[in-house]
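Residue-level structural notes
This is what each chain is made of:
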Amino acid sequence: GENVEQHPSTLSVQEGDSAVIKCTYSDSASNYFPWYKQELGKRPQLIIDIRSNVGEKKDQRIAVTLNKTAKHFSLHITETQPEDSAVYFCAASVQYGNKLVFGAGTILRVKS
Amino acid sequence: NAGVTQTPKFQVLKTGQSMTLQCAQDMNHEYMSWYRQDPGMGLRLIHYSVGAGITDQGEVPNGYNVSRSTTEDFPLRLLSAAPSQTSVYFCASVGSGNTIYFGEGSWLTVV
């Protein structure tokens, strides 16, 4: 089955700097790659997603890139702010939103 | 729309007890699923359903049972609770455009 690895497990950046989180997946049939932000005690919230027919997607300060050949995708957050501090999860699925396989998460700390 | 509603939010069980986590959605979504979240491991799929009367196993189904008698409801049953089932449980449904709607979570402790 699908396996998703996520790095780094923790990331500390200064406010205003960029943050990059990387994920690799094993199943070449995966076609949907969402990213979630989770604050302590809350449910995961979708922040951006990308499908296998697209190489890059951007939404204001957040962007995701996908390299299908290498089977990896990355989350880029620019101009980080203290409110970006949270746990971020990547995921992959062979059925779009169904049967997601999640990475282990990255704790992002933005220092002001 | 209330979205995805899970109950209870917190529960403490003794080893060997059984219980049911309730999940309901009012968005007429066909696809529903249950995930568990343990520290450092992300979310893992327990069971899922593609419609009323149809259920299937995910990554970690052992010790759990589900049924889908209606489109709205997708309860998760713990048959004989074990300490290893201490976790946070999230119910989810998938809407148009493959948008996933998560419930608020259920914190379960088995002692």
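Look up: the structure comes first, before these words.
Worth saying up front: this structure is predicted, and the values here are computed from it rather than measured.

The next subject is the state of the cysteines. Think of a disulfide as a covalent bridge from one cysteine sulfur atom to another cysteine sulfur atom. Counting across every chain of the model gives two disulfides over all chains. In this model cysteine 23 of chain A forms its disulfide with cysteine 90 of chain A; the gap between the sulfur atoms is 1.9 Å. Of note, the bridge from cysteine 23 of chain A to cysteine 90 of chain A carries an S-S torsion of about -100° and is left-handed in sense. Here cysteine 90 of chain A lies in strand S9 (residues 86–92) and cysteine 23 of chain A lies in strand S3 (residues 19–25), a separation of 67 residues in the sequence. Using a relative accessible area of 0% as the deciding quantity, one classes cysteine 23 of chain A as buried. Assessed through its relative accessible area of 0%, cysteine 90 of chain A is described here as buried. Shown here is the disulfide that connects cysteine 23 of chain B with cysteine 91 of chain B, its sulfur atoms set 1.8 Å apart.

Right, let's get into the pattern of salt bridges. Applying the stated rule across the entire model yields six salt bridges over all chains. For glutamate 104 of chain B, the salt bridge is made with arginine 43 of chain A, and the minimal N-O distance between the two is 3.2 Å. In this pair, glutamate 104 of chain B sits in the loop between strand S10 (100–102) and strand S11 (106–110) while arginine 43 of chain A sits in the loop between strand S4 (32–38) and strand S5 (45–51), so the two residues belong to two different chains. Overall, glutamate 104 of chain B belongs to the partly exposed group, its relative accessible area being 45%. For aspartate 84 of chain A, the salt bridge identified is with arginine 61 of chain A, shortest N-O distance 2.9 Å. Of this pair, aspartate 84 of chain A sits in the loop between strand S8 (72–77) and S9 while arginine 61 of chain A sits in the loop between strand S6 (56–59) and strand S7 (62–67), and the two are 23 residues apart along the sequence. The network of salt bridges with shared partners includes Arg36, Asp38 and Arg44 of chain B.

Analysis parameters
Residues numbered from 1 in each chain as written. Chains lettered and ligands numbered in written order. Predicted model: local features only at pLDDT ≥ 70, side-chain atom pairs only at ≥ 80, totals over all residues. Heavy atoms only, no water. Disulfide = S-S within 2.5 Å. Helix = DSSP H or I, 4+ residues; strand = E, 2+ residues; numbered from the N terminus. Buried < 20%, exposed > 50% of the residue type's maximum accessible area, 1.4 Å probe, protein only. Salt bridge = Lys/Arg side-chain N within 4 Å of Asp/Glu carboxyl O.

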